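Chain residues, written in single-letter form:
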Amino acid sequence: MKFATKAIHAGVAPDSATGAIMTPIYQTSTYVQEGIGKHKGFEYSRTGNPTRQALEQNLAALENGRFGLCFASGMAAIDAVVKLLEPGDEVVSTNDLYGGTYRLYTQIFAKYGIKFHFTGMHDAQQVAAQINDKTRLIWVETPTNPMLNVIDIRAMAEVAHAHNCLLGVDNTFASPYLQNPLDLGADLIMHSVTKYLGGHSDVVMGALVVNDEALAEKLYFIQNSSGAVCGPMDSFLVLRGVKTLHLRMQRHSENGRAIAGFLQGHQAVDKVYWPGLPEHPNHEVAARQMRDFGGMMSFTLKKNDLATAMQVVERVKLFSLAESLGGVESLIGHPASMTHASIPKEEREKTGVVDSLIRLSVGVEDAEDLIADLEQALAGL
Ligand code: P1T
């Protein structure tokens, strides 16, 4: 089955009791058993719930994976991955990544004896140099949040596997429509489902997708033991959101292209970071591993100061100043003070998260209206 057909049909079937075409919201904590161990496949909703299971199967299919697991948030999904490790184990991670992931690594798991190394990932040798006999996991975010660096997943899979490490990819910015990391050699995919998969800014959720059965079993054990599962109502909302993922991503990409072009030509703008621009340093890798380039972008202003950036994010009318991304409506954010405030200033400036950096999650509105809004916000700077 091809992508759009899977988005609409994978994992879901008419309800066996009523024929309802939409998967019902099985809002139940438990399931009546006929006798001890005699049940219909469900015992308790932390362990399994039919609405969640339909979504887990749907997301696995979209990533060309065999096993899907859904969690209460993207952070809960990453938390489950790190719980595969033991004290003393080490992780090599992308240095430009979501601030919450950095915080989870450095302020929670570092206390439990897991060591994290952060590095740029454009050069496989540089990544290999961070690996030692304790390294178990290579963590790639691509495109990265918020600098839109694109990392070569196939090259990272080669480095990881040459050193017996797992390769995990945070595929949130791309969504399964634009990029399928398992097909490029990754062992594990993570999504903040909150973003493009949900698509309507009404759910917080995370997901993992894997192909290897033994790895899936370990992750199901952690999911059930730690218990950070998502609820049936949220699972229903995401099942509904996913049905239009392909349509939304096409429009996000189209609008992304129009807005990146507009920003590039604006006199107040310094740099534009959107992987679809031929000038983007990783454009070639992006064109190879992604179907299109999406609606996430960042840009800096010629006047590189906080006050000017604040002026822009406060002047916009159609873009909303908010954390998060990937919904149908356009959002604007200031990474240094919002999504990436938990990364120390020197660390974030090393990766380009300077005070004038502004991030856009370009929605699916009319590009002309979005451009007019940015035009008035940037006027006279
Ligand atoms: O917010 P949550 O569903 O827990 O997902 C965390 C997360 C993980 N990975 C990436 C790449 C992310 O962007 C996020 C969440 N990001 C934002 C809230 C944001 O505005 O960047």
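Computed from a prediction, not measured in an experiment: that's the story for all the values here.

Caption draft 1: Quick peek at the site of the ligand. Near the ligand you find 19 residues, and of these D170, T194, K195, S324 and R359 are the closest. In the environment of the ligand, an oxygen atom lies 2.9 Å from a nitrogen or oxygen atom belonging to the backbone of M75. In this structure, R359 approaches the ligand through a side-chain N or O atom, which is 2.8 Å from an oxygen atom. Burial of the ligand by the surrounding chains reaches 93%, relative to a free accessible area of 480 Å². Where the shell around the ligand is concerned, the elements lending two or more residues are α3 (74-82) and β6 (188-192). Among the residues making up the shell around the ligand, the classes are represented as six nonpolar, eight polar and five charged.

Caption draft 2: Focus on the sheet that holds strand β11 (residues 331-333). Taken in spatial order, the five strands make up an open sheet running β8-β9-β12-β11-β10, and their pairing is mixed. Looking at strand neighbours, the two that pair on one side only are β8 (269-273) and β10 (320-321), the edges of this open sheet. Bridge analysis of β11 against strand β12 (residues 358-361) gives three bridges, and the strand direction is antiparallel. Its bridge partner lying in β12, L331 is registered against S361. Across the sheet, helix α10 (residues 245-264) touches β8, β9 (296-301) and β12, and the angle it forms with β9 is around 10°.

Caption draft 3: A look at the domain arrangement of the chain. Domains assigned within the chain are domain 1 (3-242) and domain 2 (245-378). Each of domain 1 and domain 2 has a C-alpha centre, and these two points are 25 Å apart. On the domain 2 side, the residues contacting the 44 residues of domain 1 number 42 residues. Contact between domain 1 and domain 2 buries roughly 3,400 Å² in total, counting both sides, with carbon and sulfur atoms accounting for 61%. Here domain 1 is connected to domain 2 by one salt bridge. One salt bridge in this structure joins R288 and D152, with 2.9 Å as the shortest N-O distance. The interface formed by domain 1 and domain 2 includes 20 residue pairs in polar contact (both at pLDDT 80 or more). For the side of domain 1 that touches domain 2, the secondary structure elements donating two or more residues are α1 (3-9), α4 (99-108), α7 (175-178) and α9 (232-242).

Calculation criteria
- Residues numbered from 1 in each chain as written.
- Predicted model: local features only at pLDDT ≥ 70, side-chain atom pairs only at ≥ 80, totals over all residues.
- Heavy atoms only, no water.
- Near = heavy atom within 4 Å.
- Polar contact = N/O pair within 3.5 Å; in protein donor to acceptor, adjacent residues only side chain to side chain.
- Areas by Shrake-Rupley, 256 points an atom, 1.4 Å probe, with all protein chains shown as cover.
- Helix = DSSP H or I, 4+ residues; strand = E, 2+ residues; numbered from the N terminus.
- Nonpolar A, V, L, I, M, F, W, Y, C, P; charged D, E, K, R; others polar.
- Pairing = 2+ DSSP bridges.
- Contact = heavy atoms within 4.5 Å.
- Axes fitted to C-alpha atoms, helices over the stretch in contact; angles between N-to-C directions.
- Domains from an automatic or database assignment.
- Buried area = accessible area lost by both parts, 1.4 Å probe.
- Salt bridge = Lys/Arg side-chain N within 4 Å of Asp/Glu carboxyl O.

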